[in-house]
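# Geometric and topological summary
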Amino acid sequence: SNRGGKTCTASAEVAMCALHRHYITDKYHKDDVRIACIGADGKHLALMFEYLFEKPPYKIFMHPDTKKWTVVIPDQHRQYKHLWEDADPLIPQRYLHGGSFKTAVLWESEKGHIPKEVRLNNGTIIRFYSALGKIPKGIKFDLIWIDEEIERAGRWIKEMQARIIDRNGYILWSATPQLAGQDFF
């Protein structure tokens, strides 16, 4: 399942929820949206942050026939390689509270590029949690994104289920079940 696009697809769902631009109308609340991103450790949180706010791991190009932006599928789009370019962040900087990382991001470790919280202009708050740390309690979330397998998966899932009930939220777990198979199921 490596290179299957799990993290990329999940980050797109998070971005649509955060920006109130989901293609399914009314899937998420439009006010005071709260999102939790849970990664295996700080290094993984930095990767999740990168996918959302800096550089998604794919390229795009303006298709010469359709005149539409198209995600590059290397085997199908080789003839357009000269048009390929890096995709913009899924959540562009203009949506950050105050318009910059300096005003919008609270860092767990700025040097390690490990986020703790990101605030958007529209009121959305995205919190980042390492699965090695404390499990958050008492916070309501609209969307919880768990990326890859995590330590104490069963305990995290049980607590996160309680965190989404009041907001009729969702848990999205982008992983291939290996060790945590039953919890993943």
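Everything discussed here concerns the structure shown above.
Keep in mind it's a predicted model, so treat the numbers as computed, not measured. (Residues numbered from 1 in each chain as written. Predicted model: local features only at pLDDT ≥ 70, side-chain atom pairs only at ≥ 80, totals over all residues. Heavy atoms only, no water.)

The next point concerns the environment of Ala-46. Tracing the sequence through the fold places Ala-46 in helix 2 (residues 42–53). In this structure, the C-alpha to C-alpha distance between Ala-46 and Glu-148, residues 102 residues apart in sequence, is 14 Å. In this structure, Ala-46 is in contact with Gly-112, His-113 and Pro-115, ignoring residues within four places of it in sequence. (Helix = DSSP H or I, 4+ residues; strand = E, 2+ residues; numbered from the N terminus. Contact = heavy atoms within 4.5 Å.)

Residue Glu-148 is not a glycine yet carries a positive backbone phi of 70 degrees. Of note in this structure, Asn-168 is not a glycine but carries a positive phi near 55 degrees. For Asn-168, the location among the structural elements is in the loop between helix 4 (153–164) and strand 9 (170–174). With relative accessibility at 64%, the residue Asn-168 sits in the exposed group. (Buried < 20%, exposed > 50% of the residue type's maximum accessible area, 1.4 Å probe, protein only.)

Looking at where His-97 falls in the secondary structure, it is placed in the loop between strand 4 (85–86) and helix 3 (101–104). Once the C-alpha coordinates of His-97 and Leu-83 are considered, the two residues, 14 residues apart in sequence, prove to be 33 Å apart. Apart from residues lying up to four places away in sequence, His-97 is in contact with Thr-103, Ala-104, Arg-119, Leu-120 and Asn-121.

Strand order in the open sheet made by the 6 strands is 5-6-7-1-8-9, with mixed pairing throughout. Either end of the sheet is taken by a strand with one partner, and the two such strands are strand 5 (105–109) and strand 9. Within this sheet the neighbouring strands show an average axis-to-axis angle of 15 degrees, counted without direction. By the bridge criterion, 6 bridges tie strand 1 (residues 34–39) to strand 7 (residues 125–130) in an arrangement that is parallel. Each residue of the ladder has a partner; that of Arg-34, found in strand 7, is Ile-125. Helix-sheet contacts for helix 1 (residues 6–18) involve strand 1, strand 7, strand 8 (143–147) and strand 9, and the interaxial angle to strand 8 is about 160 degrees. Across the sheet, helix 2 is in contact with strand 1, strand 5, strand 6 (114–119), strand 7 and strand 8; its angle to strand 7 comes to roughly 155 degrees. (Pairing = 2+ DSSP bridges. Axes fitted to C-alpha atoms, helices over the stretch in contact; angles between N-to-C directions.)

For the coordinates displayed, the defined rule picks out 10 salt bridges. Between Glu-117 and Arg-119 there is a salt bridge, and its shortest N-O distance comes to 3.1 Å. With relative accessibility at 12%, the residue Glu-117 sits in the buried group. (Salt bridge = Lys/Arg side-chain N within 4 Å of Asp/Glu carboxyl O.)

Bringing the state of the cysteines into the picture now. Each disulfide consists of one covalent bond between the sulfur atoms belonging to two cysteines. Evaluated as defined, the whole model comprises 0 disulfides. No disulfide involves Cys-8; its sulfur sits 14 Å from that of Cys-37, the nearest cysteine. No disulfide involves Cys-17; its sulfur sits 9.8 Å from the nearest other cysteine sulfur, which is in Cys-37. (Disulfide = S-S within 2.5 Å.)

In this structure, strand 5 lies alongside strand 6, joined through 4 bridges in antiparallel fashion. Residue pairing across strands places Leu-106 opposite Glu-117, the latter belonging to strand 6. Between strand 5 and the antiparallel strand that follows it, strand 6, lie 4 residues; His-113 among them carries a positive phi value of about 60 degrees.

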